[in-house]
Amino acid sequence: MVEKILFDMKKHKWLNTLFVAPMESFHKLLFDIKKHKWLYIMLVIPVLFVLIWNYWPMYGVVIAFKDYSPAFGIWGSPWVGFKHFQRFFDSYFFLEIIINTIRVSFYSLLVGIPLPIILALMFNEIKRKWFKSTVQTVSYIPNFISVVVVIGMVTFFFSEQGSINQILTSLHMKPIDFLGDAKWFPHVYVWSGVWQGVGWGTLIYTAAMSGVPQDQYEAAYLEGATRMQCIRNITIPAIMPTIVISAILATGSVMSVGFEKAYLLQNASNLATSEVLSTYTYKVGLINGEYSFSAAVGLFNNIVNFIMLFVVNKIAQKTGENSLW
């Protein structure tokens, strides 16, 4: 009887879409859970972690549309609509903050995407295993240094009385105020990040290269191909899906400049280029106590990141076969 009803419903497309397809999907899910129950049990803790720490706090985003007061709570505070968004868009510093954020973000992308690939290709060409492992280890170490320590090192080397300026002075050259001159902030921020993270960024590309069949290289060498030709025609095409996915993910956080480093490098002299969305949100939200306004700025930031991720993923779909979805 049930099978006859399902058969009759399948003949009508709208009934199939509304009832049959969801029922069949649910039945298949139950079958998979029963068949692989231990795998699903292992997923319980990670899923709970994501739900509690990533999704549950999202209800608080409504304070961006309210005049939030701790005394009234999130739902008791009055609604104000897009008041805080309008205030941010009309603020005197809006354009400057957006330009600063985009400048640092795109600078980081232009430098941070290709350099790990180049370094991984160089590692892949090293034939002596002991030397390769030593160089890789040395390049990974800065990633485990905290941001505060990195800023201390940057200050030691690049302050007015730092090592770099002492060397310049000894060469009878004019000292450069790397930390005080606003035009130097993007360079100091980006290249200190490259020094800290480029070695760690090679891991994923090195792993992708290890999966390339060695017989392809051997056949290419027998045909007289050079190392550069092998890299261009074998290695890079093999890791291209990994490059595309990494680039899409990096572009999806284009408006999210790291708060810690930007704030620690920031001072009154370089504020013209160092004030980005993350530091502005912190100052307005936590220091001034304007929680609704800072929530509106943060929501705007996340929406822009999502749009960028969606657009870049669509471009990747149109131009190739690799994309996130």
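Residues numbered from 1 in each chain as written. Predicted model: local features only at pLDDT ≥ 70, side-chain atom pairs only at ≥ 80, totals over all residues. Heavy atoms only, no water.

J.: How would you explain the overall build of the chain if you had to name every residue and give the values?
T.: When helices and strands are counted, the chain shows 17 helices and zero strands. Overall, the chain is about 95 × 75 × 35 Å in size when its C-alpha atoms are taken along their principal axes. A total of 325 residues make up the chain; the buried ones form 33% of that total. Here the contacts in the chain between residues at least 6 apart in sequence split such that 62% fall between residues at least 24 apart. The positive charge centre, built from 24 side chains, and the negative charge centre, built from 18, are 6 Å apart in the chain. (Helix = DSSP H or I, 4+ residues; strand = E, 2+ residues; numbered from the N terminus. Buried < 20%, exposed > 50% of the residue type's maximum accessible area, 1.4 Å probe, protein only. Contact = heavy atoms within 4.5 Å. Lys, Arg positive; Asp, Glu negative; His and termini not counted. Charge placed at Lys NZ, Arg CZ, Asp CG, Glu CD.)

J.: Lay out the pattern of salt bridges with the relevant residues and their values.
T.: Following the criterion strictly, the structure yields four salt bridges and no others. Between Glu125 and Arg227 there is a salt bridge, with its nearest N and O atoms 3.7 Å apart. Of the two residues, Glu125 is situated in helix α7 (residues 114-125) and Arg227 in helix α13 (residues 227-251); the sequence distance between them amounts to 102 residues. Of the residues examined, Glu125 reaches a relative accessible area of 16% and is grouped as buried. (Salt bridge = Lys/Arg side-chain N within 4 Å of Asp/Glu carboxyl O.)

J.: So what's going on with the environment of Val190? Which residues, and what values?
T.: When you line up the elements, Val190 lands in helix α11 (residues 185-210). Linking Val190 and Ser108, residues 82 residues apart in sequence, is a C-alpha distance of 5.6 Å. Not counting residues up to four positions away in its chain, the partners in contact with Val190 are Val104, Tyr107, Ser108 and Val111.

J.: Tell me about the packing of α7 against α11, and name the residues and values.
T.: Running from N to C, α7 and α11 point in directions that differ by 55°, and their axes come no closer than 7 Å. Our classification of the angle between α7 and α11 gives oblique. Along this stretch, α7 crosses α11, giving a crossing that reads as right-handed. Of the residues in α11, those touching α7 at Leu115, Pro116, Ile117, Leu119, Ala120, Leu121, Phe123 and Asn124 are Trp191, Val194, Val198, Gly199, Gly201, Thr202, Tyr205, Thr206 and Met209. Broken down by class, the residue content of the contact of α7 with α11 amounts to 12 nonpolar, five polar and no charged. (Axes fitted to C-alpha atoms, helices over the stretch in contact; angles between N-to-C directions. Parallel < 35°, antiparallel > 145°, perpendicular 65-115°, else oblique. Left-handed = near helix turned anticlockwise from the far one by under 90°. Nonpolar A, V, L, I, M, F, W, Y, C, P; charged D, E, K, R; others polar.)

J.: Quick one: what's the story with α7, residue by residue and with numbers?
T.: The end-to-end C-alpha distance of α7, which contains 12 residues, comes to 17 Å, matching closely the 16 Å that a straight helix rising 1.5 Å per residue would cover. Looking only at α7, the buried set comprises Pro116, Ile117, Leu119, Ala120, Leu121, Phe123 and Glu125. Elements in contact with the buried residues of α7: α6 (94-112), α8 (129-140), α11 and α13. (Expected span 1.5 Å × (residues − 1).)

J.: Which residues make up the nonpolar core, and what are the values?
T.: Residues Phe88, Leu277 and Tyr280 are the most contacted members of the largest nonpolar core, which totals 21 residues. Looking at this core, the elements that each hand over two or more residues are α5 (83-90), α6, α16 (277-287) and α17 (291-319). Here this core takes six residues from α17, the largest share from any one element. Sequence-distant contacts of Leu277, that is, excluding residues within four places in its chain, are made with Phe88, Ile97, Ile98, Thr101, Met255, Val297 and Asn301. Core analysis: the next-biggest nonpolar cluster, separate from the first, contains 20 residues, Ile151, Val154, Phe178 and Val190 among them. (Core = buried A, V, L, I, M, F, W, Y, C linked by side-chain atoms within 4.5 Å.)

J.: Go over the packing of aromatic side chains, please, and point to the residues and values.
T.: What the rule picks out here adds up to 26 aromatic pairs. Centroid distance Phe259 to Tyr282: 5.0 Å. Interplanar angle 50°. Geometry classified as tilted. A residue pair is termed long-range when its members are at least 10 positions apart, and Phe259 in helix α14 (residues 259-265) and Tyr282 in helix α16 qualify at 23 residues. Taking the relative accessible area as the measure of exposure, Phe259 reaches 25% and is therefore partly exposed. Positioned over the ring face of Phe293 is Arg87, at 4.0 Å from the centre of the ring. (Phe/Tyr/Trp six-rings, centres within 6.5 Å; stacked < 30°, edge-to-face > 60°. Lys NZ or Arg CZ within 6 Å of the ring centre and 35° of its normal.)

J.: Mind laying out α11, listing which residues take part and the relevant values?
T.: In this model, α11 (26 residues) spans 38 Å end to end at C-alpha, consistent with the 38 Å of a helix rising 1.5 Å per residue. In α11, a bend of some 50° at Gly197 exceeds every other bend along the element. (Bend = angle between axes of the 7 residues up to and from the residue.)

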